[in-house]
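What the coordinates show
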Amino acid sequence: MTPKTIATILKDAQIGKEITIKGWVRTKRDSKNVIFININDGSTIKNIQAVVVPTDIEESIIHQVVTGAGVAITGILTPSQGSGQDVELLASHIIVYGTADPEKYPLQPKKHSLEFLREIAHLRPRTNTFGAILRIRHALAYAIHQFFNERGFFYLHTPIITGSDAEGAGEMFRVTTLDPKNPPLNDKGAVDYKEDFFGRETNLTVSGQLEGELGAMALGKIYTFGPTFRAENSNTARHLAEFWMIEPEMAFYELEDNMDLAEEFLQYLVKYALDNCSDDIAFLEKRLLDEEKSLKKEEQSPLPLREKLHFVVNNSFKRLTYTEAIKILENSKPNKKGQFKYPVSWGTDLQSEHERYLVEKEFNAPVILTDYPREIKSFYMKQSEDGKTVRAMDVLFPGIGEIIGGSQREEDYDKLIKRVDEVGIDHETIWWYLETRKFGTVPHSGFGLGFERLVLFVTGMKNIRDVIPFPRTPKSANF
Ligand code: 4AD
Ligand code: MG
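To start, this report covers the structure provided alongside it. This one's a predicted model, so the numbers in the text were calculated from it and none came from an experiment. (Residues numbered from 1 in each chain as written. Chains lettered and ligands numbered in written order. Predicted model: local features only at pLDDT ≥ 70, side-chain atom pairs only at ≥ 80, totals over all residues. Heavy atoms only, no water.)

Here the focus is helix α7 (residues 278–292). Spanning 15 residues, α7 covers 21 Å between terminal C-alpha atoms, matching the ideal 21 Å at 1.5 Å per step. If you follow the buried residues of α7, they end up packed against α3 (114–119), α4 (128–150), α6 (255–276), α8 (305–314) and α14 (451–459). (Helix = DSSP H or I, 4+ residues; strand = E, 2+ residues; numbered from the N terminus. Expected span 1.5 Å × (residues − 1). Contact = heavy atoms within 4.5 Å.)

As structure tokens, this is what we get:
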């Protein structure tokens with residue numbers, strides 16, 4: 001029989017019934033005539049405490065029940081005598097599937113640093129913090145599919161191996177089966193990719209958008225949700241070399257519709273987490289408060305986690321153009337006092353310090369910036385009448401900076417080709433993309449949400465390496 005999870009047992013609370021819990025020992029505490037064993041099975045942040053009378057269970061078995069051991073404990077569920085839990089299990093039978101050498105088990109029942117836990121990513125899901133994060137991550141992924149399904153979007157599986165770098169979103173990882181020591185060469189002495197597995201150069205995708213657009217031109221509204229890869233050497237708390245992205249793409253949507261969707265989407269997801277992950281979020285809120293106690297006031301989060309999340313759900317995002325944002329930044333105190341590391345002027349890309357000034361100081365709300373200079377944005381964005389800007393939009397979040405990037409797309413074939421040539425993209429690699437503008441082109445828009453940046457926001461964690469089970473970053477691909 002499959003065991004009931006602790007989440008279900010606590011929900012049903014069938015006092016007086018014999019039940020079996022299966023999980024991992026978090027702590028074991030000897031008291032006068034009883035032993036208290038805390039079990040967690042990952043289904044919830046809550047443990048169940050088993051109460052063992054040593055005379056009831058063989059000593060050699062009790063001996064193996066240590067922090068980290070995998071066990072099954074059978075007993076009667078009773079109201080708890082102690083504080084801290086409503087029910088507990090009076091153990092009558094214990095199976096130890098695997099014990100854990102206390103000298104060697106790295107997860108001692110004490111606080112470990114996040115840096116240390118990254119080194120033991122194979123075990124960190126067993127901590128309260130990572131259990132909570134991974135359950136929230138799951139809930140958000142589920143909510144994403146639910147959101148789109150409710151609105152008539154189709155989940156489109158775009159390829160992970162791609163022959164084009166048309167996006168230009170970042171450096172790519174090459175996919176090849178050629179022998180790096182002895183690759184075949186062509187008559188010019190360069191590597192002959194015709195001999196490679198796919199008969200051409202291929203890479204891991206940086207985005208599913210271009211193929212997503214093909215889907216939208218047939219199904220109307222689609223979304224992708226898959227892994228994307230960027231070999232940029234940015235060792236920051238907001239970048240991963242492998243991250244997950246959600247990219248909706250909608251025919252007949254203009255920029256305003258795109259912004260409305262992005263705002264509704266983010267609010268829906270944050271609300272879903274608040275409604276469905278309350279224990280885990282409450283735990284992370286407390287964790288964050290403890291963590292920040294030692295920080296200076298201005299370094300602490302301005303709002304407790306749940307208040308911050310409710311704020312996003314209940315307040316509309318501030319919308320303004322890039323040009324307006326630049327004026328605000330130019331006139332801002334930190335700019336006048338020379339406190340920005342990067343100077344601001346019309347035409348330059350906004351740095352994270354500028355984005356965070358707008359969100360955290362100027363507006364104190366999520367911000368959607370639109371109409372960026374065309375030179376700093378991708379070739380596919382719809383060109384505006386002014387000849388200088390494109391119909392781009394970035395959604396900026398407190399503590400995160402850019403969480404979504406998107407745009408209305410250039411649907412005019414001639415304008416698109418002109419831009420493709422200006423930035424020097426080979427037509428051969430994206431001929432199929434260009435053809436959509438020849439055969440029944442229509443206005444359309446879309447955006448990309450960085451999944452880990454969303455999980456960062458909802459969990460209140462500060463480093464993106466701590467919201468994905470097995471992070472990939474420069475010089476690090478363990479596990
Ligand atoms: O702004 P980006 O590069 O946009 C695109 O890739 C478009 N094709 C999206 C579209 O219009 N369909 O990336 C989108 C989002 C960013 O806003 C950010 O949240 C996240 O992806 N992102 C990263 N997250 C983690 N690590 C990285 N290295 C990231 N690069 C981008
Ligand atoms: Mg971007």
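All right, on to the packing of α6 against α14 then. Between α6 and α14, the least distance of the axes is 11 Å, while the angle of their chain directions is 50 degrees. Considered as vectors, α6 and α14 are oriented oblique to each other. Classified by chirality, the crossing of α14 by α6 is right-handed. When α6 is examined against α14, the residues Leu 266, Leu 269, Val 270 and Ala 273 are found in contact with a partner set consisting of Leu 454, Phe 457 and Val 458. Tallied by class, the residues present in the contact of α6 with α14 amount to 7 nonpolar, no polar and no charged. (Axes fitted to C-alpha atoms, helices over the stretch in contact; angles between N-to-C directions. Parallel < 35°, antiparallel > 145°, perpendicular 65-115°, else oblique. Left-handed = near helix turned anticlockwise from the far one by under 90°. Nonpolar A, V, L, I, M, F, W, Y, C, P; charged D, E, K, R; others polar.)

Reading across from one edge, β6-β10-β11-β16-β15-β14-β13-β12 is the order of the 8 strands in this open sheet, with mixed pairing throughout. Among the strands making up the open sheet, the edge pair consists of β6 (154–155) and β12 (318–321). As judged from the 4 bridges shared by β12 and strand β13 (residues 367–373), these two strands associate in the parallel manner. Looking across to β13, one finds that Thr 321 is bridged to Thr 370. (Pairing = 2+ DSSP bridges.)

Positionally, Thr 370 belongs in strand β13. Sequence-distant contacts of Thr 370, that is, excluding residues within four places in its chain, are made with Leu 255, Met 259, Leu 320, Thr 321, Tyr 322, Ala 392 and Met 393.

On to the packing of α4 against α7, then. For any two helices packed against each other, the geometry is given by the interaxial angle and the distance between the axes. Remark: α4 packs on α7, axes separated minimally by 9 Å, with the N-to-C direction vectors making an angle of 135 degrees. Judged on the interaxial angle alone, α7 and α4 are oblique. Between α4 and α7 the crossing geometry is left-handed. Contacts from Asn 128, Thr 129, Ala 132, Ile 133, Arg 135 and Ile 136 of α4 reach α7 at Asp 280, Ile 281, Phe 283, Leu 284 and Arg 287.

Under the definition given, this model contains 21 aromatic pairs. Taken together, a centroid distance of 4.9 Å and an interplanar angle of 45 degrees make the contact between Phe 147 and Phe 265 tilted. In this pair, Phe 147 is assigned in helix α4 and Phe 265 in helix α6, connecting sequence segments 118 residues apart. Phe 265 shares its class with Phe 147; the two are buried. Ring centres of Phe 317 and Phe 397 lie 5.7 Å apart, and the angle between their planes is 80 degrees; this geometry places the pair in the edge-to-face category. Of this pair, Phe 317 sits in the loop between α8 and β12 while Phe 397 sits in strand β14 (residues 389–397); the two residues are 80 residues apart in sequence, bridging distant segments of the chain. In this structure Phe 317 comes out as buried when scored by relative accessible area, which is 5%. Judged by its relative accessible area of 0%, Phe 397 falls in the buried class. (Phe/Tyr/Trp six-rings, centres within 6.5 Å; stacked < 30°, edge-to-face > 60°. Buried < 20%, exposed > 50% of the residue type's maximum accessible area, 1.4 Å probe, protein only.)

Secondary-structure assignment places Thr 44 in the loop between β2 (35–40) and β3 (48–52). Assessed through its relative accessible area of 9%, Thr 44 is described here as buried. With 77 residues separating them along the chain, Thr 44 and Ala 121 place their C-alpha atoms 19 Å apart. At 2.9 Å, the side chain of Thr 44 and the backbone nitrogen of Lys 46 are in polar contact. (Polar contact = N/O pair within 3.5 Å; in protein donor to acceptor, adjacent residues only side chain to side chain.)

Let us now look at the nonpolar core. Core analysis: the biggest nonpolar cluster contains 91 residues, and Ile 37, Ile 73 and Val 458 have the highest contact counts within it. Element by element, the count of residues in this core is highest for α6, at 12 residues. In this structure Ile 37 touches Val 25, Thr 27, Lys 28, Ile 48, Gln 49, Ala 50, Val 52, Val 65, Ile 73 and Ile 94, once residues within four positions along its chain are discounted. Leu 210, Tyr 322, Leu 329 and Val 359 belong to the second-largest nonpolar core, a separate cluster that totals 28 residues. (Core = buried A, V, L, I, M, F, W, Y, C linked by side-chain atoms within 4.5 Å.)

Turning to the pattern of salt bridges, a few remarks are in order. In total, this model carries 32 salt bridges according to the counting rule given. Between Arg 374 and Glu 422 there is a salt bridge; the shortest N-O distance is 3.3 Å. Pair noted here: Arg 374 is in the loop between β13 and β14 and Glu 422 is in helix α12 (residues 413–423), with a separation of 48 residues, a long-range link. A salt bridge links Glu 422 to Lys 418, with the nearest nitrogen and oxygen atoms 3.9 Å apart. (Salt bridge = Lys/Arg side-chain N within 4 Å of Asp/Glu carboxyl O.)

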